[in-house]
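Secondary and tertiary structure notes
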Amino acid sequence: VHDAKKLKRGKEILKIANELAKDLRPKFPGKSIRVYAFGSRTMGLGDSHSDLDLYVEVGNCREAYSDKPNKNVFRLQTIIAGAIKRNPRNWIFLETPRGRCPLVVVQHRSTRIECDISFSHGMAHCQNKLVTYIFELQPIGECVLGARPESATVNECLPLPVRYMVIYLRGWTTYHGLSNVRSHLLVLMVIFLFQVNGDLPSICDFQDGLTADFGPWITKYNLLKLKTFRMKQIQVTKAMTTRKLAEFFKYYSTFDYYHLVICPYLGYEIGRHELLSHMHPR
């Protein structure tokens, strides 16, 4: 937990994002460059070996939605990779994976932190913001909050809260060799546990009345209060965190994975055969 706090509160994230924005600006004259940090490091779930996820927004706009990356996405990849290679004092270029979400993978030279730079869309960054807001509503096991950065040139809201529960669970999975259980899966499982216990509303509630703004996806959310749903914030104590961890293991150790689906969007269990019928028509 101490290491996760240190990583989240460190100035390295802001330093890396600022340097990336500075090195990219000459390649995009007349366009604004914003760099958003997200992922396990910014949420305080990472360790010293975790990479840093960065999303680059060029010209205050995202790429149009597409199931596959288009030519412009690969053009951005080439330009960003070129800018990295031309600044060897700040960066060590590693690779340019293509796939469904092309990246530029680098190492920041002074901090030695590996970074995954994305640029095709900000879906993961938007999802990170929603998860952060949900954890602000129910900060059971919340670590000490980091300082919000003053610079508006990089990131308006680096995610702040993190849970002792998720940190413990990540350590538990690592200890037992469950490397395929990633932090974002643990986050969703913790959120879902709170939902089925009546302590958090569904993702559907957070997006009620909003329309899709990126293809079929909604990237925004409503600012809701727990009292709207007659819910109360759980008291943050060591005893309560231990109790919730026990509930976590009991619930998921007896979950019927063969017949049921964990669905944070709806906030309750549904049968596998019902999954398609519950898909939103958009």
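The structure this text deals with has already been given above.
All of the points below concern the structure found in this document. (Residues numbered from 1 in each chain as written. Predicted model: local features only at pLDDT ≥ 70, side-chain atom pairs only at ≥ 80, totals over all residues. Heavy atoms only, no water.)

**Topic: a nonpolar patch on the surface**
Taken together, Tyr168, Trp172 and Leu178 make up a surface patch of nonpolar side chains, about 270 Å² in accessible area. Structurally, Trp172 is set in helix H6 (residues 164–175). (Patch = residues over 30% accessible without salt bridge, like charges linked within 9 Å, V, L, I, M, F, W, Y side chains within 5 Å. Areas by Shrake-Rupley, 256 points an atom, 1.4 Å probe, with all protein chains shown as cover. Salt bridge = Lys/Arg side-chain N within 4 Å of Asp/Glu carboxyl O. Helix = DSSP H or I, 4+ residues; strand = E, 2+ residues; numbered from the N terminus.)

**Some points on the environment of Ile80**
Along the polypeptide, Ile80 turns up in helix H4 (residues 71–85). On the basis of relative accessible area, Ile80 is assigned to the buried category, the value being 0%. Along the primary structure Ile80 and Asp23 are separated by 57 residues, whereas in three dimensions their C-alpha atoms are 9.2 Å apart. In this view, Ile80 contacts Leu24, Val104, Ile117 and Phe119; residues no more than four positions away in its chain are not counted. (Buried < 20%, exposed > 50% of the residue type's maximum accessible area, 1.4 Å probe, protein only. Contact = heavy atoms within 4.5 Å.)

**A few points about the packing of H6 against helix H9 (residues 238–253)**
Where H6 contacts H9, the two axes come as close as 10 Å, and the packing angle between them is 50°. With respect to H9, the element H6 is oriented oblique. Handedness of the H6/H9 crossing: right-handed. Seen from H6, the contacting residues are Tyr164, Met165, Tyr168, Leu169 and Trp172; seen from H9, they are Thr241, Lys244, Leu245, Phe248 and Phe249. Of the residues assigned to the contact of H6 with H9, the class counts are eight nonpolar, one polar and one charged. (Axes fitted to C-alpha atoms, helices over the stretch in contact; angles between N-to-C directions. Parallel < 35°, antiparallel > 145°, perpendicular 65-115°, else oblique. Left-handed = near helix turned anticlockwise from the far one by under 90°. Nonpolar A, V, L, I, M, F, W, Y, C, P; charged D, E, K, R; others polar.)

**Brief notes about the sheet that holds strand E3 (residues 91–95)**
Pairing is mixed across the open sheet formed by five strands, whose spatial order is E1-E2-E5-E4-E3. The open sheet has two free edges, formed respectively by strand E1 (33–38) and E3, since each of these has just one partner strand. Put simply, the sheet's adjacent strands are angled 30° from each other on average, direction ignored. The sheet contact formed by strand E2 (residues 52–58) and strand E5 (residues 113–118) spans four bridges and is parallel. Paired with Leu52 across the two strands is Cys115, which belongs to E5. This element, H4, spans E2, E3, strand E4 (104–108) and E5 of the sheet and lies at about 20° to E4. (Pairing = 2+ DSSP bridges.)

**Some remarks on the nonpolar core**
Membership of the largest hydrophobic core comes to 31 residues, with the highest contact counts inside it found for Ile134, Phe135 and Phe206. Breaking this core down by element, the ones donating at least two residues are helix H5 (123–137), H6, helix H7 (183–196), helix H8 (203–206) and H9. Of all hydrophobic cores here, the second largest spans 27 residues; its members include Ala17, Leu24, Val56 and Ala83. (Core = buried A, V, L, I, M, F, W, Y, C linked by side-chain atoms within 4.5 Å.)

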